[in-house]
Amino acid sequence: MPAARKSAPKKTFASLPAKRLRDFTESVIREQTRLAHVHGAVNLAQGFPDFPCEPALKDLARAAIDADFNQYSVTWGMPGLRQAIAGKMGRYNGIRADADRNVTVTCGATEAMICAFLSNLDPGKEVILFQPFYENYHPDAYLSGAKPVYVTLREPDWSIDEKELRRAFTGKTAAIVINTPQNPTGKVFTRAELELIARLCQQWNVKVFSDEIYEHILYDGAAHVSPGSLPGLEDRTVTIGSASKTYGITGWRVGWAVAHEKITDGLRKVHDFMTVCAATPLQEAVRGALGLGPEFYRDVSAHYLRRRDFLVQGLEAAGFRCHVPRGAYYVMADVADFIREPGSKGRGRFRDDAELARYLVSEVKVATVPGSSFYKIKGKAATAHKLRFCFCKKEATLAQAIERLDAFRSSGSR
Ligand code: GLN
């Protein structure tokens, strides 16, 4: 038996995480999913479908395994998939891309974005984020040592205040993140807004990280404009996409980043050492999926439009005032009436949106995401009286959620 230690260290710091994690909290979206499991709640929090994907996609994945696409792929993605992505970029996004020089396949858009941050931003640089923002951008900034600078989208239509945007650009700004269609608001950036951003990026020599994961989910005639297709932005934009939302396969983790050769070189270095490659058989299946005809893409929007209208109608009837999204598959609802926080208009019994969301998941059995988790400016009424509901769910799931929310409202719980 080994001899016992004479004296153990009085205190051990072995469990302390690295300082760069100091400002991290658990993802609120994923926390709500966890709570939905604990409480047996309907999950309208995390944006993933609860219905099966297209049978054609399953066939493609099965065929890829059968054909023994089972080993690492070339680090930056299987050549056939990169060619399919380059073709789609030309056809749909108006961006000229060469499969070898400009396209990198990643483990979802999530990895593409962190690679863009880590390979382009030096510590101390600034990155502009529009808020409300998708919650990953914030940790991406911390991990790369960059400082996030926020520009708040103005309600009710989530417009950009040009003065505020101009003020955000400084000599330290290295990048701006654009997410169109946007999570959580459903805003679809207009060409005019993107042209304004393009002018400022050229003036200040700033790169664009453009998250276009919802590019095929558009309503009411909204058109998708890829920032990277605009004059002046072609060489300074990382265009990020994914198979996750378009094909309803968020667990496959196949995404991509398309950028100028020099930017791509850096991005590939981070990707190579971080994940090596995305799952090879699923890359091969996504190559096949990218060949689906135009009807498939029309159906994607029509499919979600029905669900959007169903959820918005149900929520409005239950007393939640909705911002109707023009893209993506989330609804931001105003819940000021339920909140008693000073400064908000509400007279309700909940302290803030987080408390309301906790009550909804545990008692009403509907999981949502408190709007404040998409903002960094805390304590302002505008950020603390929102909930995000996602509608990429079966109609039966949405109906059950609406029924429960309606019962909650009728019980006078406000
Ligand atoms: N994009 C999805 C959402 O906003 C899922 C986020 C995640 O957990 N990766 O809900």
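So, a few notes on the structure that sits alongside this text. (Residues numbered from 1 in each chain as written. Predicted model: local features only at pLDDT ≥ 70, side-chain atom pairs only at ≥ 80, totals over all residues. Heavy atoms only, no water.)

**A word on the nonpolar core**
Working step 1: Within the largest apolar cluster, 128 residues are counted, with the highest numbers of intra-cluster contacts made by Leu165, Ile176, Ile197 and Phe320.
Working step 2: Top contributing element to this core by residue count: helix H11 (residues 294-317), with seven residues. (Core = buried A, V, L, I, M, F, W, Y, C linked by side-chain atoms within 4.5 Å. Buried < 20%, exposed > 50% of the residue type's maximum accessible area, 1.4 Å probe, protein only. Helix = DSSP H or I, 4+ residues; strand = E, 2+ residues; numbered from the N terminus.)

**Thoughts on the packing of helix H5 (residues 108-120) against helix H9 (residues 261-275)**
For any two helices packed against each other, the geometry comes down to the angle between their axes and how far apart the axes lie.
Working step 1: One way to put it is that H5 packs onto H9 with a least axis distance of 8 Å and a crossing angle of 120°. As for how H5 packs across H9, the hand of that crossing is right-handed. Residues Glu111, Ile114, Cys115, Ala116, Leu118, Ser119 and Asn120 of H5 touch H9, and the partners they reach there are Ile263, Gly266, Leu267, Val270, His271, Met274 and Thr275.
Working step 2: Tallied by class, the residues present in the contact of H5 with H9 amount to eight nonpolar, five polar and one charged. (Axes fitted to C-alpha atoms, helices over the stretch in contact; angles between N-to-C directions. Left-handed = near helix turned anticlockwise from the far one by under 90°. Contact = heavy atoms within 4.5 Å. Nonpolar A, V, L, I, M, F, W, Y, C, P; charged D, E, K, R; others polar.)

**Notes on empty space enclosed by the protein**
Working step 1: Tallied over the full model, the rule gives two cavities of 30 Å³ or more.
Working step 2: Approximately 50 Å³ is the volume found for the largest cavity.
Working step 3: Together, Phe130, Phe133, Tyr137, Val177, Ile178, Asn179, Gln182 and Phe189 line the largest cavity.
Working step 4: At three residues, the largest contribution of residues to the lining of the largest cavity is made by strand S5 (residues 173-179).
Working step 5: Looking at the lining of the largest cavity, its residues break down into six nonpolar, two polar and no charged. (1 Å grid on protein atoms, 1.4 Å probe; cavity = no way out; pocket = protein on both sides within 12 Å on 5 of 7 lines; lining within 4 Å. Points joined across faces, edges and corners; volume = space filled by probe spheres on them.)

**Considerations on H5**
Working step 1: For H5, which comprises 13 residues, the first-to-last C-alpha distance of 19 Å matches the rise-based estimate of 18 Å (1.5 Å per residue) to within 8%.
Working step 2: Burial analysis of H5 places 10 of its 13 residues in the buried class, the great majority of the element.
Working step 3: Among the residues making up H5, those that are buried are Gly108, Ala109, Glu111, Ala112, Met113, Ile114, Cys115, Ala116, Phe117 and Asn120. (Expected span 1.5 Å × (residues − 1).)

**Digging into the pairing of strand S6 (residues 207-211)**
Working step 1: Within S6, four of the five residues are buried, which leaves it mostly tucked inside the rest of the structure.
Working step 2: Alignment of S5 against S6, held across five bridges, turns out to be parallel. What sits directly across from Asn179, in S6, is Asp211.
Working step 3: Taking the sense of rotation as the criterion, the β-α-β connection linking S5, helix H8 (residues 191-204) and S6 turns out right-handed.
Working step 4: Summarising the sheet, S6 and strand S7 (residues 237-242) pair through four bridges and their orientation is parallel. Counted as the bridge partner of Phe209 is Val238 from S7. (Pairing = 2+ DSSP bridges. Right-handed = clockwise from strand over helix to strand, strands pointing away.)

**Section: the state of the cysteines**
Working step 1: In total, this model carries zero disulfides according to the counting rule given.
Working step 2: Take Cys390: it sits in no disulfide, and the sulfur closest to it among the cysteines is that of Cys392, at 3.9 Å.
Working step 3: With relative accessibility at 0%, the residue Cys390 sits in the buried group. (Disulfide = S-S within 2.5 Å.)

**Brief notes about unusual backbone geometry**
Working step 1: Cis geometry marks the peptide bond from Glu155 to Pro156; its omega dihedral reads 5°.
Working step 2: Tracing the backbone shows Pro156 in the loop between strand S4 (147-152) and helix H7 (162-168).
Working step 3: A cis amide bond, omega 15°, links Asn183 with the succeeding residue Pro184.
Working step 4: The residue Pro184 is located in the loop between S5 and H8 in this model.
Working step 5: Positive phi, close to 55°, is recorded for Asp220, a residue that is not glycine.

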